[in-house]
2 protein chains.
Amino acid sequence: MNILIKDVQLEGNPSDILYNVYIKGKYIDKILPIKAVDSDNYPFDKVIDGRRKVAIPGLVNAHTHAAMTLFRGIGDDMPLMPWLEQKIWPSEARMTDSDVYWGTKLACLEMIKSGTTLFYDMYQRPEATAQAVDEMGLRGVLSGVCFDHFKPELAERSKKNIPLLEKKIRAYSDRISFSIGPHAIYTVSGELLQWIDRYSRENNLLIHLHLAETEQEVSDSLRNFGLTPVRYLHKLGILSPRLLIAHGIYVDEEEIMLLADHGVKVAHNPASNMKLGSGIRFPFAEMKKAGITVGIGTDGCSSSNNLDMVEAMKLAALLGKGWRKNPEVLTASEMLYAATESGASIAGLNTGRIAEGCLADLSLIDIHSPAFTPNFNFLSNLVYAANGSAVDTVICDGKILMENRKVPGEDEILEEAQASAFSIVSAGLII
Amino acid sequence: MNILIKDVQLEGNPSDILYNVYIKGKYIDKILPIKAVDSDNYPFDKVIDGRRKVAIPGLVNAHTHAAMTLFRGIGDDMPLMPWLEQKIWPSEARMTDSDVYWGTKLACLEMIKSGTTLFYDMYQRPEATAQAVDEMGLRGVLSGVCFDHFKPELAERSKKNIPLLEKKIRAYSDRISFSIGPHAIYTVSGELLQWIDRYSRENNLLIHLHLAETEQEVSDSLRNFGLTPVRYLHKLGILSPRLLIAHGIYVDEEEIMLLADHGVKVAHNPASNMKLGSGIRFPFAEMKKAGITVGIGTDGCSSSNNLDMVEAMKLAALLGKGWRKNPEVLTASEMLYAATESGASIAGLNTGRIAEGCLADLSLIDIHSPAFTPNFNFLSNLVYAANGSAVDTVICDGKILMENRKVPGEDEILEEAQASAFSIVSAGLII
């Protein structure tokens, strides 16, 4: 299908110049000032009226656990370990493929409604996640979470499981990639991490790992391995451009240089880090200066409660300005870059920009609202004043996923996800 | 006009019990389980379908500068003094009554759309603010900002001006109250502050003052007055239950006790404090423990960029959990209390609760959306997952201000506010 978006503003360009954006198949084919379009040259099946709208790249959620939308609101205002032990783990143990599928459908619906077109996921039963993502039309880099809890027999099981999972996930749409999801250094042995690194090198796969999230993790790492988390990974020899670490709050200057020198990518999750009390001093500016690719994520809905990447950009900026007492750092422009192009580059995908030749992943923002009035500065209004509800239209891989804020099948998804969530939770009476 | 809201959930009550809420004139007259309503006893002019909606009290914005919506986005990512000197003050000097009127109309539109029914304002030309608030149907406690810059002739002018302003503001609807707005201790002399305190006591008026917002203010206060800000006010003898201080970040334990002992009220502004880099360690829990009435505010749109009190509740909770590294403090329930009943009690108004006999100021939240799915915990979903766009219907003083997210006159307000903003700014070429 070919789509012509007419008379639209483009983020990063003057607000008084309108463009036509021509999407041919999966790609952005041409971007032209409005008078230059001769429709004979650009045959389209669908035209979208872009007036009073601004096109931005599809947002990229660099770290989440999509199906955990089902646990939204079941354990707020609690410390980490009781929350995991009393609420999350017992619930997860009861999840079926169908639950993961409907939880992911709900997550995809929420992501589409707030302008996200690509996400990096880590969860159990990733085939069910892939099925949901495939149907919903988004792009996903999906990892099956793995643990061995330092037990050789569990490590062996993971080594067998990962290639099987990879094969299963590869059977889905080419919007979906497989990555490997070792949970964390406190749940996965160094031996398995090294095996995963070799496998990822041989098969060109991303590794998605929680790292340096809490002070407890750092002190445990020092006690168990004699090294801080980043130094421990360095000693294991698994720092590489194929590694994405989620959180990365507790890293010192030398560790930032280690991450930079090895091309490691980082996903910053401001809402989760604040809400769980993990820590707030994420060294965004230092990582950027060192040349590290930093994306922004929401984390799962059981810790941050929503998947709104517009809100996540605001939180990242405000938190960084706040703890540094410096209003000049972490600008709106840097936040959009982190939440689009930088996020897309974690997996080396040709998206995150609105440019000819890029994959056609974009949103139209409705600027006829108080948050965008006055419109002195679209990007400031988007990052600091708006939220995901400003997204009107979403296109991913050249297909329209939402138009006029309507996503096909919304009601069924809300109902089925609600039913799944209640059946898991009521079985354990854990609310 | 009498309104019957049928089949609605009430925040704070089990989600499986529906109520009918009967509004008679300005007041909530009856709240009854749905089967108990005999419509002969409750004659209504208007019925609202409350199904799939939850009623919450109208939100209370405890500190803002409404007309500054006109400056949204003109000076982000800048340090305080250049921002004020290069962007805000030159713009404000050019504002007319019409600008303040349209800026406030825009602010009221934004507040209605995100469920706020009462706000505490401080700005120049408060008659124009009052006119806009009167027309838009909200409740406002409005102060004209005053400065004397330590010059006796300016202090004398303020002393003449305040009673005149009071008389003018009293001429508007009884939804509007007058308060006195001395800007800050670094712009208003102690002598004028003491005069204001006497006048407020004699006339039973609230005083709305910025205090203890930045480290600079504290060090200047120590240098100029030999005391920290709260101790300086204490020495002046003007700590009282009629005093509302905005910010209150830099207060020590003894100062918290001084504020508590004198019944001083505090407005916490998390977005502004983070974005301007003012400071993040607001002692919410300590103030609450000391018995201080704490409300939540957004501050003006030139510093925090929006007026969304649903977002402000989330930011207050996340920031407080974040800097303390404690996920158990500042619960969703405490945030809603601060943003409703506590905020309303700053001016002693009979609102902020949904209860028989209270003023009919309330919102209906549409829970048929991803942010409220699953609905294990409405309040958690509201505070942690949703934003102001979840508000469907707003009633203030017994009148419907928004229904199905439509506010009468929206388009005109967006256009006129945009025109006002551009005329002010283009006159100074300050973007």
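Residues numbered from 1 in each chain as written. Chains lettered and ligands numbered in written order. Predicted model: local features only at pLDDT ≥ 70, side-chain atom pairs only at ≥ 80, totals over all residues.

Enquirer: Report on the sheet that holds strand 11 (residues 243-247) of chain A, specifying residues and quantitative values.
Expert: Residues and elements named next belong to chain A. Sheet architecture is open: eight strands sit in the order 6-7-8-9-10-11-12-13, paired in parallel fashion. Strands with a single pairing partner mark the edges of an open sheet, and in this sheet they are strand 6 (59-64) and strand 13 (294-296). Neighbour-to-neighbour, the strand axes of the sheet open up by a mean angle of 25°, direction not taken into account. As judged from the four bridges shared by strand 6 and strand 7 (residues 116-123), these two strands associate in the parallel manner. Opposite Thr 64, over in strand 7, you have Asp 121 as the bridge partner. Of the strands in this sheet, strand 7, strand 8 (139-146) and strand 9 (176-182) are in contact with helix 3 (residues 126-136), which crosses strand 8 at around 170°. Lying on the sheet, helix 4 (residues 152-170) is in contact with strand 8 and strand 9; it crosses strand 9 at an angle near 165°. (Pairing = 2+ DSSP bridges. Helix = DSSP H or I, 4+ residues; strand = E, 2+ residues; numbered from the N terminus. Axes fitted to C-alpha atoms, helices over the stretch in contact; angles between N-to-C directions. Contact = placed C-beta atoms within 7 Å.)

Enquirer: Tell me what's going on with the interface of chain A and chain B, and back it up with residues and numbers.
Expert: Across the boundary between the two partners, chain A contributes 56 residues, which contact 56 residues of chain B. Of all the secondary-structure elements, those providing two or more residues to the side of chain A that touches chain B are helix 2 (97-113), helix 9 (270-275), helix 11 (309-324), helix 13 (378-385) and helix 14 (410-428) of chain A. Counting residues per element, the side of chain A that touches chain B draws most heavily on helix 11 of chain A, at seven residues. The residue inventory of the side of chain A that touches chain B, partitioned by class, reads 27 nonpolar, 18 polar and 11 charged. (Nonpolar A, V, L, I, M, F, W, Y, C, P; charged D, E, K, R; others polar.)

Enquirer: I'd like to hear about the nonpolar core, residue by residue, with values.
Expert: Met313(A) and Met313(B) are the most contacted members of the largest nonpolar core, which has 287 residues in total. Beyond its immediate sequence surroundings of up to four residues, Met313(B) is in contact with Ile296(B), Met335(B), Leu336(B), Ala339(B) and Val383(B). (Core = buried A, V, L, I, M, F, W, Y, C linked by C-beta atoms within 7 Å. Buried ≥ 20, exposed ≤ 12 C-beta atoms within 10 Å, placed from the backbone.)

Enquirer: Before we move on, could you go through the domain arrangement of chain A and cite the residues and values that matter?
Expert: Residues and elements named next belong to chain A. By the assigned domains, chain A splits into domain 1 (2-57 + 355-402) and domain 2 (59-346). Here domain 1 and domain 2 have C-alpha centroids that lie 30 Å from each other. Between domain 1 and domain 2, the contact holds 19 residues from the first and 21 residues from the second. Going through the elements one at a time, helix 13, strand 15 (391-396) and strand 16 (399-402) are the ones with two or more residues in the side of domain 1 that touches domain 2. Take the side of domain 1 that touches domain 2: its biggest share by element is five residues, from helix 13. Tallied by class, the residues present in the side of domain 1 that touches domain 2 amount to 12 nonpolar, four polar and three charged. (Domains from an automatic or database assignment.)

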